[in-house]
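# Understanding the architecture of this molecule
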Amino acid sequence: MNKQILENIMTEYNKKRLRAAHDADLRKQKLYGQFPNLEEIEMQIKLLSIKLSKLFLTKPDNLNEQVLNFKNEIEELKNKRKNIYEKNNIPANYLEMQYECNKCNDTGYLPDGKKCSCLNRQIINNLYTMSNMVHMLDKENFNTFDISIFSNEMYKNEKLTPRQNMYYILEISEDFCSNFYDTNMNLLLYGSAGLGKTFMCNCIANALISKEISVLYQTAFSLFEIIENHKFNKQNESDENRINYNMIFECDLLIIDDLGTEVSNSFTNAELFNIINERLITNKKTIISTNLSLEQLRDTYSDRITSRVFNSFVPLKFYGKDLRYKN
Ligand SMILES: [Zn+2]
């Protein structure tokens, strides 16, 4: 998982705890403003408690007797306090810190050092937000993938029917997810529009994010926009852009969708090579999805890009009739 994401979340937890302390303070001020005798009682309890602990240090002859007296006095004051609370319908825990999560008191961790369920949920939420894929949270995943929409009739000169082909793609994709850290695989999803490439990307992203693997999804167009903003507009670069830029290199999986729709020039070519190369060197996975054919890829991009891609990406060809016009 991305370090930056955890840092962001922990900053949020710190803010939550500060807010809880501040709110408890405000409630105290308000309560004591309304019931000054409560503040008085609170002060007396504190004083008596201090005297009590001093007793144990000085150990007078009648220690037990004095301790008992102090304890009774404190008990009496506590009863008084309780009566005021009850008479005025003040909840007993009114002055206690009110945490959003009572299991971890908004620290994110349980006493045994394990992550609290609220932290796990935060991590997943953040991964989704970072991935750019919040919109498809539940809709597009391996469980909702419907293979039956792919035709089982032979298509052009292909050896497999579109459905058989999709079984193959599905198997590779699921394998990619279950062996994510052990595989050297990168995926190249190619073929005409409307054949389920983006859907497959979403399935993969969904499966990985739920395993706390960081994913960044960008169309090629927005990917280069982020890079341009970072390189040529540094003074005015937004935090979001900077985080996205770092994620391009740091996320566990980068999905570049719609490669070929960007304005291709020597700048984008150099940057694309840099991204693919950096990620291969650091063994981070990349999925490229494109409407271009392999020949068109070769024509559009420099030799060093295509040779990197053709040597280290598993090509998955999507073919068949455009699904978007079918129901
Ligand atoms: Zn918690």
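Everything in this summary refers to the structure shown in the same document.

What counts and what doesn't
- Residues numbered from 1 in each chain as written.
- Predicted model: local features only at pLDDT ≥ 70, side-chain atom pairs only at ≥ 80, totals over all residues.
- Helix = DSSP H or I, 4+ residues; strand = E, 2+ residues; numbered from the N terminus.
- Expected span 1.5 Å × (residues − 1).
- Buried ≥ 20, exposed ≤ 12 C-beta atoms within 10 Å, placed from the backbone.
- Arc of directions from axis to C-beta.
- Contact = placed C-beta atoms within 7 Å.
- Pairing = 2+ DSSP bridges.
- Axes fitted to C-alpha atoms, helices over the stretch in contact; angles between N-to-C directions.

## Thoughts on helix H4 (residues 117–131)
Here H4 is 15 residues long and its end C-alpha atoms lie 21 Å apart, about the 21 Å a rise of 1.5 Å per residue gives. Within the sequence span of H4, burial applies to Leu-119, Gln-122, Ile-123, Asn-126, Leu-127, Met-130 and Ser-131. Along H4, the residues classed as buried sweep out an arc of 160 degrees about the axis, all on the same side. Opposite the buried face of H4, at more than 90 degrees from it, the exposed residues are Ser-117, Arg-121 and Thr-129. The inward-facing, buried residues of H4 contact helix H1 (3–34), helix H6 (197–209), strand E2 (215–219) and helix H8 (239–250). Where H4 ends, the next residue or the one after it, Asn-132, has phi of about 80 degrees, a positive value.

## Side note on the sheet that holds strand E3 (residues 253–259)
Pairing within the open sheet is parallel, and its 5 strands lie in the order E2-E3-E4-E1-E5. Each edge of the open sheet carries a strand with a single partner, namely E2 and strand E5 (314–317). Neighbour-to-neighbour, the strand axes of the sheet open up by a mean angle of 15 degrees, direction not taken into account. For E3 and strand E4 (residues 285–290), the ladder comprises 5 bridges, and the chain directions are parallel. Counterpart to Leu-259 in the pairing with E4 is Thr-290.

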